[in-house]
Amino acid sequence: MAEYKPDTCAYCATDTWCETRANGKPQCRACQVERFYERVLYPPLGYRLQKWQRKVLRDLYGTLRKNGLRRYRRSYVSVSKQNGKSFLLGGLPIYHLLMEDEIQPEAYGVASAKDQAGIVFKAAATLVQANPALGARLKVLESTKRIIRRDNGGIYVVLSADGDVQDGKRPSLLMFDELHRFTRKKAETVRTVLLKGMISRAPVVAGVETGEPLMIQTTTSGDEHECPLWFREYEYAMHVQDGSIEDPNYYAAIWQADPKRIDAEDGYWKSREARVAANPSHEDLGGFLPDSAIEEEMQEAVRRPEKKGDFVRLNLNVPVVATGTPIIDMPLWCAGGGGVDLRTWPGYDPELLISKWGLAGRSCIAGIDLAWTTDMAAVSLVFPPKDDEEQWKVLLFFWLPKGRIADIERRTHAPLAEWARKGFLSLSEGSEINIGDVFDNVKWASRMFDVQEVCVDKWGGAKSAAELLLVPEGFVCVQIPQTMGGLTEATKKLIGLYMNQQLAHGNNPIFNWHASCLALATDGGDNAKPVKPPRDTSSKRIDGIAATVTAMARAMVLGSQTISYTGIRSVG
C-alpha cells in the first residue's frame, strides 16, 4: 500500500492523510482520485467531471478513518437517467487496478444481465483505448469483457446477476449497476456471495480493519414490488442520508425531486425545479444535460398520462409503484370529493357526513379488509347511486394498534398520530387490532343504513371472524376471492368511477393516501386487481382501496336481485 501520513494537501489545502508525490508535493486521497480522472482518464475524450461526480469521488476516497484508511465500505448513489453514471463507474476499475496499490486487485462489475453490465465495461474499455499510457499497462479483452493488468497483477471482470458466481472471488472493488433491475432471487444470491468475498479483503489486525474494499451501488429509482432488494437498499440509504440511521461505513448520495411535493402539488412534477433537483448534470448546475431534453419527455407524459409514472421514476428519480396500470392521478382523484373535503374538517364526523350526503337509511355493501398488527384494518361502506345523476359514495373507517403507531409511522412516513387525533383512525389498545371493534362498526352501520351484505376475504381470518361475530346476528356475509377473477370487474369499476368523477369519497386523508399507493397486477390482458405492498418492507398501504374493491364486487349487482338469504356464502 502507498504510504500516507498526516500533512497538508498541496492541491486542496486540507489537513489530512497525504502521500508524497514524485515532485515532493503532498497529495490527499480525494485529490488523487479526482486528478486521475481529470488529468488521465477524461482528457483524451474531452470529458470533464461534473460537480456531483467530483463530490462522490472525493467523499468516497477522501473520507478517512483515524488510521488513514478509507471510511466507506458500502455506498449507494442514485441519479436520474442520462446523468453520466456509466463513465463515472467505468473509471473506477481502472483507478483500482493502477492507483490503489492493492495486492492482486479484483474489480467486478455486476448488473442484472451481462448486456447491462457491458455498458459500464464499454465505458471502461473506451477510456483505456483512448489513452496510450493506460493501454501500455492494461489489456482489454472484448470477447470476455475483461480488463487485465499486463503484468497479471490485477483484473476487472463483468458478471451477470443472473449467472453463476463461484466462491473464491475476493473483490477489492464491487460495482452493482442499475440495482433496481435486480429483480430475480438469484441476484440476491450472487450479491451475497460477492459481499462475503469482499470481507476477506478487510482483515482485522489487533482489532483494527486493515483492508479497503469498496462496494458501490448505482441506480435510478425502481419499483419496490419488482425489486425488494433495491427498495430495501433505497430505504436504508434514505435513512442514512437523513440521519435517522447512523452508519459511518455507508455512503449515501441520492438526487431526486421532492417526493412529498410530487404528491401534494399538482404542477411540481412538471416544473424545471423538479428536473434540476433530480438531474445533477443539468445545465442549470453547469452540466451537459439540456433541460429541453428532459422537458420533452415530461410533455410526452402530460399528453399520455400512462407515461407519468415512468417519467417520475426515471427522470425525477422518485420511486413510484409501477407494477401495473393505471396509477391514480391524485389531482383527478381529489377532485372527486362529492362536495366535501374532509381534509379541511377539524375532525372526522361520520354522522355529519352522512347528513350532508343524505345516506341515512340507504342501502349499502360493507367491505372488510382485516389486519392485526402492521396493516390497517378497514371497513368501506359502498353506496350505489339511486339514479344515473348521482355519484357512488364511500364511507371509510380505519384501525391500527396503539402500541405500534410510532413504529408504523416511522416505516410509512404517514401522519398516523395526527389522523388518530382527528378521528380518521381508531386505535386499539396494545399491539394488536381488536377485531371486535371492527365488527362493532359494521353493527353500528346496520343501525344507520340497510347493510345488505358484508364482504370479506375468502381465505383470510375475516371469514372466521364474520362467521363468529356477524352471522349469528343475521348478517349476510359473502366471501370474495382476492384473485384476478374475483376482483377484476370490481377493480375496473372503481377505476372507471374515479376517472369519470363518479366516486365520492370526501377526500378522506387516509383513503387518499391509499389511493396514491395503488398499483394493479395484470394477467397481460384486460384482467387486473390491486397489489398489496409487502407489509414488512413497504412504506405504502392500500387497505382502504382493498376493502372498497371487495365491497364493490357485490355492490355492482345490488338492485339486480333481492337479498333474501342469510349466513355466509362464497362468490367465485
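The rules we used
- Residues numbered from 1 in each chain as written.
- Predicted model: local features only at pLDDT ≥ 70, side-chain atom pairs only at ≥ 80, totals over all residues.
- Heavy atoms only, no water.
- Phe/Tyr/Trp six-rings, centres within 6.5 Å; stacked < 30°, edge-to-face > 60°.
- Helix = DSSP H or I, 4+ residues; strand = E, 2+ residues; numbered from the N terminus.
- Buried < 20%, exposed > 50% of the residue type's maximum accessible area, 1.4 Å probe, protein only.
- Lys NZ or Arg CZ within 6 Å of the ring centre and 35° of its normal.
- Axes fitted to C-alpha atoms, helices over the stretch in contact; angles between N-to-C directions.
- Parallel < 35°, antiparallel > 145°, perpendicular 65-115°, else oblique.
- Contact = heavy atoms within 4.5 Å.
- Nonpolar A, V, L, I, M, F, W, Y, C, P; charged D, E, K, R; others polar.
- Pairing = 2+ DSSP bridges.

1. Some points on the packing of aromatic side chains
In total, this model carries 22 aromatic pairs according to the counting rule given. Between tryptophan 52 and tryptophan 255, the aromatic rings sit 5.5 Å apart at their centres with planes inclined by 65°, giving edge-to-face as the arrangement. Taken together, the residues span a long stretch of sequence, with tryptophan 52 in helix α2 (residues 51–62) and tryptophan 255 in the loop between β13 (250–254) and α8 (259–264) at a distance of 203 residues. Relative accessible area serves as the criterion here: at 18%, tryptophan 255 is assigned to the buried category. Ring plane angle 80° and centroid distance 5.4 Å describe the contact between tyrosine 61 and tyrosine 95, whose orientation is recorded as edge-to-face. One end of the pair, tyrosine 61, is in helix α2; the other, tyrosine 95, is in helix α3 (residues 85–99), with 34 residues separating them in the sequence. The same class applies to tyrosine 61 as to tyrosine 95, namely buried. Taken together through their ring pairs, the aromatic side chains of Tyr348, Phe383, Phe397, Phe424, Trp444 and Phe449 make up a single cluster. Against the face of tyrosine 11 rests arginine 35, its NZ or CZ located 3.8 Å from the ring centre. Just above the ring of phenylalanine 176 sits the side chain of arginine 191; from NZ or CZ to the centre is 5.8 Å.

2. A closer look at the packing of helix α18 (residues 484–499) against helix α20 (residues 543–555)
At a closest axis distance of 8 Å, the pairing of α18 and α20 adopts a crossing angle of 110°. In terms of axis orientation, α18 runs roughly perpendicular to α20. Note on element contacts: α20 touches α18 through Ile545, Thr548, Val549, Met552 and Ala553, opposite Gly486, Leu487, Ala490, Thr491, Lys493, Leu494 and Leu497. Taken together, the residues that form the contact of α18 with α20 break down as eight nonpolar, three polar and one charged.

3. As for the environment of threonine 126
As for its placement among the helices and strands, threonine 126 is situated in helix α4 (residues 114–129). Assessed through its relative accessible area of 27%, threonine 126 is described here as partly exposed. Separated by 81 residues in the primary sequence, threonine 126 and leucine 45 place their C-alpha atoms 8.8 Å from one another. Not counting chain neighbours up to four residues away, the residues in contact with threonine 126 comprise Leu45 and Phe87.

4. Brief notes about the sheet that holds strand β2 (residues 15–20)
Judged by pairing direction, the sheet is antiparallel, and its three strands sit side by side in the order β1-β2-β3 without closing on themselves. Strands with a single pairing partner mark the edges of an open sheet, and in this sheet they are β1 (5–8) and β3 (26–28). Strand-to-strand twist across the sheet, computed as the mean angle between neighbouring axes with direction ignored, equals 65°. Taken together, the three bridges between β2 and β3 define a ladder with antiparallel strand orientation. Residue pairing across strands places glutamate 19 opposite glutamine 27, the latter belonging to β3. Relative to the sheet, helix α1 (residues 29–41) contacts β2 and β3, its axis offset from that of β3 by approximately 85°.

5. Focus: the pairing of strand β18 (residues 450–457)
Of all eight residues in β18, six are buried, a share of seventy percent or more. Note that strand β14 (residues 363–369) and β18 share five bridges and pair parallel. Paired with serine 363 across the two strands is aspartate 450, which belongs to β18. Where β18 lies against strand β19 (residues 476–480), four bridges are found, and the strand directions are parallel. Residue pairing across strands places valine 454 opposite cysteine 477, the latter belonging to β19.

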